[in-house]
Amino acid sequence: MKRTLVAALLAGTLTPLSAQQLDNFGEAMEVRIVNVDVVVRDKAGNLVTGLTSDDFVILEKGKPQAITNFAEYRESAAPEAAPGTEPTSRPSGVTVRPPQKRYIAFFVDQLKLRDTQNRESFFRGLRAFAEDSMREGDEAAVFVWQTRVKTRLPMTADRATLFATIKSLEEESKLQLDYTDIEQAELDFRERAWAGDESAATMIETDRRVAAQRAFDLQQRKTHAINSVLQSLSGLDGRKVMILATERLSKLPGLEYGYSSTEFNARRMIDSVVDEANASAVTIYGFFPRGLDRDPFADTAGSYEAASGTAAGGPPASSYELLMNQSETIDSIATRTGGLAAVGGKISEAALGNVARQLDNYYSLAYRASGDDRSRSIKVKVNQPGLEVLARNSVVDKSDAEVARDRMISGILFGTGTSAIPISVAQGAVRKKGLTTYAVPVEITIPIAHLTALPGAKGHDGKFRVLAVAANADGDVADVAEKTQTFHIPEKELEKARSGAFTYSLEIVVRDTSNRALVCVIDDLDHDSGYAEVTLDLTKLAKNTPAKSNKPAWEQRPGRGGMGGGRWP
């Protein structure tokens, strides 16, 4: 989801109330329940089933927490132990539930799998994973990174289409060139240095830093793309998983060009992926299918060193150093979000089989959180020796606005889901605003009976928020725009108001490629929300008439109340 579209809320037709008028809204008491899904394995890597809540310990900042909710999710048949080992499950009084609905996002890099065995093994494992993991009602989407993220397959339950998409990715991985233009330029410089060109030997070091800077910038864009996909999954209800198959996600971007300085350290990028995944309750399984590949520069270090002397950058990294530069990042992301990582095609194939079984056999634990911390460092342990727990290392409490924005993005991509507030939205005639932008007026109808209004000195007061986001046919989603609105209903008009509706008008500024918009209304008092989508018709142009004033215009309609100035007429 590349955030390239424009979406901005202009002034609505409601006049906000002063803050003093909302002083009597009172305080909301909220109990925070922290949920953690965990997988338990023995030393041989077999899944362990049949545990109870007494077998687990949850630590928050090192302090034990009382487990208030516990459930075991297991496929109909318990997982079989590996040949030669004893089954690890044991009887318990715990009710076993079927696995939750799964949403699986495949984020696949522009893979360059020149090694046939690695390529065939990895994609064979990917197809088997899709076959084993997609249950009735589960959905999957495929996102591909090629200097920008593209939605190759929108969220779907169609397994045949998913398999066909995976097959096309395998074919594309055969066609990648051996070297990028940067790598080829590096080789050209190096050949001149070997031939005794001292200026070329000196320029190599400068060129290395330029290449490293470009690698850093490209990885930063890739990181933003990964986080956008994670955020889009946040608003979905169910078990959420990302299969991250990467060609490059480096600890030190640029090391592949021999620039070993820590100047371009990607630690913050990696941390941002972990934070977004944990905030969105997404488990990431990371794969570097290329594995220990022969680096095109690895055998030339001696020749380069002889030609260029003691250059500051030093000789190119070895194949092993390059491997560690990639594998450390995907391992860090996976283990900190409750998943696992694998390197190489054959190992990745086996690991994908383990992932499929883990999605069918896991535990869900919960505890009551204390304090107002938004981010909580946690650790889950098992009271039995020799067992390993896979669990995320932190959870993040999102604000109501953040949750609404996530649901907006999920809604525009995967469907709106259920709405507690039955709003509706209609588009008016658009007007050209910029070279590639349009101003689109929309009118939202909000049933007053579904909003909370608390008694005040002269009536009832309430507050809601309106959010809007636009998207195009390629799945590019704009930033979510937001506006807050208060309202007042006089006491004598309360009963009449409950049978009517507010109408709220606003303008959304969108790109000329936008084809739909999603609007959300959130009740700030009871936190209920409503969603409605509208198909945009940018050919419906308004006549050249003066812009309407933002002053409220009262109107009475049969069966609905007007909305203006934030007050009931």
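Refer to the structure above for everything that follows.
Report follows, based on the coordinates. Note that the structure is a prediction, hence the values are computed from the model and not measured.

1. What about the sheet that holds strand S3 (residues 63–65)?
Spatially, the 4 strands line up as an open sheet ordered S3-S2-S13-S15, and their pairing is antiparallel. If you trace the sheet from one side to the other, it starts and ends with S3 and strand S15 (394–396), each paired once. For this sheet, the mean inter-axis angle between neighbouring strands, taken without regard to orientation, is 40 degrees. When strand S13 (residues 375–382) meets S15, the two strands line up antiparallel, connected through 3 bridges. Across the sheet, the residue bridging to arginine 376 is valine 395, located in S15.

2. Structural notes on unusual backbone geometry
Keep in mind that most residues, glycine aside, have a negative phi and that most peptide bonds are trans. Non-glycine residue alanine 281 carries a positive phi angle of around 60 degrees. In this structure, alanine 281 sits in the loop between helix H5 (267–279) and strand S10 (282–288). Here histidine 527, not a glycine, exhibits a phi torsion of approximately 70 degrees, which is positive. Looking at the secondary structure, you find histidine 527 in the loop between strand S23 (514–523) and strand S24 (529–535).

3. A few points about the pairing of S24
Across a regular strand the side chains alternate sides, sitting on one face of the sheet and then on the other. The element S24 is largely enclosed, with a buried count of 5 among its 7 residues. Pairing geometry for S23 and S24, over 7 bridges, is antiparallel. What sits directly across from alanine 517, in S24, is valine 534. Between the antiparallel neighbours S23 and S24 lie 5 residues, among them histidine 527 with a positive phi of about 70 degrees.

4. Notes on the pattern of salt bridges
Within the structure shown, the criterion is met by 25 salt bridges. For arginine 74, the salt bridge identified is with glutamate 72, shortest N-O distance 3.0 Å. On the accessibility criterion, arginine 74 (19% relative accessible area) is buried. Overall, glutamate 72 belongs to the buried group, its relative accessible area being 1%. With a shortest N-O distance of 2.9 Å, arginine 124 and glutamate 349 are connected by a salt bridge. Here glutamate 349 lies in helix H8 (residues 345–360) and arginine 124 lies in helix H1 (residues 116–133), a separation of 225 residues in the sequence.

5. Considering H1
Since one α-helical turn is 3.6 residues long, residues separated by three or four positions face the same way. With 18 residues, H1 should reach 26 Å at 1.5 Å per residue; the first-to-last C-alpha distance of 25 Å fits that figure. Residues of H1 that are buried: Asn118, Arg119, Ser121, Phe122, Phe123, Gly125, Leu126, Phe129, Ala130 and Ser133. Elements in contact with the buried residues of H1: strand S6 (102–108), helix H2 (159–174), strand S9 (239–245), S10 and H8.

6. What to know about the pairing of strand S18 (residues 437–447)
Burial runs high along S18: 9 of the 11 residues are buried. Inspection of the sheet shows strand S16 (residues 424–427) paired to S18 by 4 bridges, in the antiparallel sense. Residue pairing in the sheet places glutamine 427 in a bridge with valine 442 of S18. The pairing of strand S17 (residues 431–432) with S18 spans 2 bridges and is antiparallel. Paired with arginine 431 across the strands is alanine 439, a residue of S18. A loop of 4 residues connects S17 with S18, the two strands running antiparallel in sequence. Here 11 bridges tie S18 to strand S22 (residues 501–511), and the two strands are oriented antiparallel to one another. Residue isoleucine 444 lies in a different strand from S22, and its bridge partner there is tyrosine 504.

Calculation notes
- Residues numbered from 1 in each chain as written.
- Predicted model: local features only at pLDDT ≥ 70, side-chain atom pairs only at ≥ 80, totals over all residues.
- Heavy atoms only, no water.
- Pairing = 2+ DSSP bridges.
- Helix = DSSP H or I, 4+ residues; strand = E, 2+ residues; numbered from the N terminus.
- Axes fitted to C-alpha atoms, helices over the stretch in contact; angles between N-to-C directions.
- Buried < 20%, exposed > 50% of the residue type's maximum accessible area, 1.4 Å probe, protein only.
- Salt bridge = Lys/Arg side-chain N within 4 Å of Asp/Glu carboxyl O.
- Expected span 1.5 Å × (residues − 1).
- Contact = heavy atoms within 4.5 Å.

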